Every structure is written in C-alpha cells, then in structure tokens.
Amino acid sequence: MKKKQLTFDLTVFESIDELSSEEKALMNAAVSARKNAYAPYSNFQVGAAVLLENGETVIGNNQENASYPSGLCAERVAIFYAGAKYPGVTVEAIAISAASKKYVVDAPAAPCGNCRQSISEYEFKQKKAIPIFMMGETGEVHKCNSIGDILPLAFNNSFLK
Ligand code: THU
C-alpha cells in the first residue's frame, strides 16, 4: 500500500489590476457577459469568457429556467458555444466573473462540478492545460493552472473503449 498526496498551485492576485493586459481583457469580457445573465430566480449572475488560440473570445452567461434544472451555468454556455462555433480550436484560458443582486460577491466563485467536468472534456481533447481565472464582483482573482487541478481524478474518455 502507498499513499499519494495530490496538490495544486492556486495563484492569488490581490485584484484584477494585477493581471496582465490580456488576462484583464478576458476577465472584463466575463464581467460584461455576466451583466447579460438571465438569472431571475437565483439573482446570482455569472459570466464566462473563453480565449481561443485563434485570438477569438467566446462568452457565455447563466441561463435560468422556471424548471430550475433546465437552466445552464455560464461556463458551460461559453465552452459549448466555443466548441460549436470554433470546433477543434484550442482553448487557451477561461475567465469567470460572479455577482449577486442580493449582496456583494467579494470572493471568487469556482465553477460547479458539472462545469468542471464539461471543461475537462476539452482539456483532455486538446492535451493542453486550460487555466481558469475566477473573480467575484470585487476583490481577489484566483487562478488555477489547469481545470484538472480542481477536478482531480476526473473521468475521461480513456475509459470508453
Ligand atoms: N452558476 C453558474 O453559472 N456557474 C457556476 O459555476 C455556479 C452556478 C449559476 C447557475 C444558477 O443560474 C446560479 O448560478 C445559481 O446557482
């Protein structure tokens, strides 16, 4: 028997101002997208921006539904939109911005489990890590270097023979 310890690096930026200009532009695209979220039930608005190798940025926001489970998170709207519009184009990074109409979100909101799984499909497919930048309305920006860091031991298509 042996034990393994899984660890990962989380980079903490004090604010959006510490990001490079390219990273800041991506986060600002997520902020703009967030403002168009359709979230009348939770009042929790999320925007996501996907930067592609071809230089395009594809955005998404959460789309809720009166039948709650029929809604979709911002991250999946964005990554599926990217896959639909630019199939096979490598994803370089994703930025996520979260806000609420009920309180000030002053800490980064990390993607939910379903979104992690969906993004990891693209990471496995392209065999290149997808860094994730996360931010609330204000405060710190957190960056993980790979979606795999926050979805360790992920199920992937290597099991499907
Ligand atoms: N939401 C996202 O868009 N992304 C996440 O990673 C977490 C949650 C949305 C789904 C729902 O519309 C609202 O936030 C509250 O859960």
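Please refer to the structure higher up on the page.
Residues numbered from 1 in each chain as written. Predicted model: local features only at pLDDT ≥ 70, side-chain atom pairs only at ≥ 80, totals over all residues. Heavy atoms only, no water.

**Q** What am I meant to see in the site of the ligand here?
**A** Near the ligand the following residues occur: Ser42, Phe44, Val46, Asn62, Glu64, Cys73, Ala74, Glu75, Ala110, Pro111 and Cys112. In this structure, Ala74 approaches the ligand through a main-chain N or O atom, which is 2.9 Å from an oxygen atom. A distance of 3.0 Å is found between an oxygen atom of the ligand and a backbone nitrogen or oxygen belonging to Cys112. Relative to its unbound accessible surface of 370 Å², the ligand loses 74% to contact with the protein. With respect to the detected pockets, the ligand is housed in the largest pocket. The class makeup of the residues in the shell around the ligand is 7 nonpolar, 2 polar and 2 charged. (Near = heavy atom within 4 Å. Polar contact = N/O pair within 3.5 Å; in protein donor to acceptor, adjacent residues only side chain to side chain. Areas by Shrake-Rupley, 256 points an atom, 1.4 Å probe, with all protein chains shown as cover. 1 Å grid on protein atoms, 1.4 Å probe; cavity = no way out; pocket = protein on both sides within 12 Å on 5 of 7 lines; lining within 4 Å. Sits in = over half its atoms within 2 Å of the grid points. Nonpolar A, V, L, I, M, F, W, Y, C, P; charged D, E, K, R; others polar.)

**Q** How should I be thinking about the pattern of salt bridges in this particular structure?
**A** Between side chains of opposite charge, a pair can form when the charged atoms approach closely. Tallying each qualifying case throughout the model produces 1 salt bridge. Residue Glu92 pairs with Lys128 through a salt bridge whose shortest N-O separation is 2.9 Å. In this pair, Glu92 sits in strand β4 (residues 91–100) while Lys128 sits in the loop between α3 (113–126) and β5 (132–135), placing the two residues 36 residues apart along the sequence. (Salt bridge = Lys/Arg side-chain N within 4 Å of Asp/Glu carboxyl O. Helix = DSSP H or I, 4+ residues; strand = E, 2+ residues; numbered from the N terminus.)

**Q** What am I meant to see in the sheet that holds β5 here?
**A** Consider a sheet: its strands pair through backbone hydrogen bonds, and that pairing is either parallel or antiparallel. Taken in spatial order, the 6 strands line up as β1-β6-β5-β4-β2-β3 in an open sheet, and their pairing is mixed. Strand pairing shows two members of the sheet lacking a second neighbour, β1 (10–13) and β3 (57–61), which therefore form its edges. Put simply, the sheet's adjacent strands are angled 15° from each other on average, direction ignored. Across 5 bridges, the pairing between strand β2 (residues 44–52) and β3 is antiparallel. Pairing of Leu51 across the sheet is with Thr57, part of β3. (Pairing = 2+ DSSP bridges. Axes fitted to C-alpha atoms, helices over the stretch in contact; angles between N-to-C directions.)

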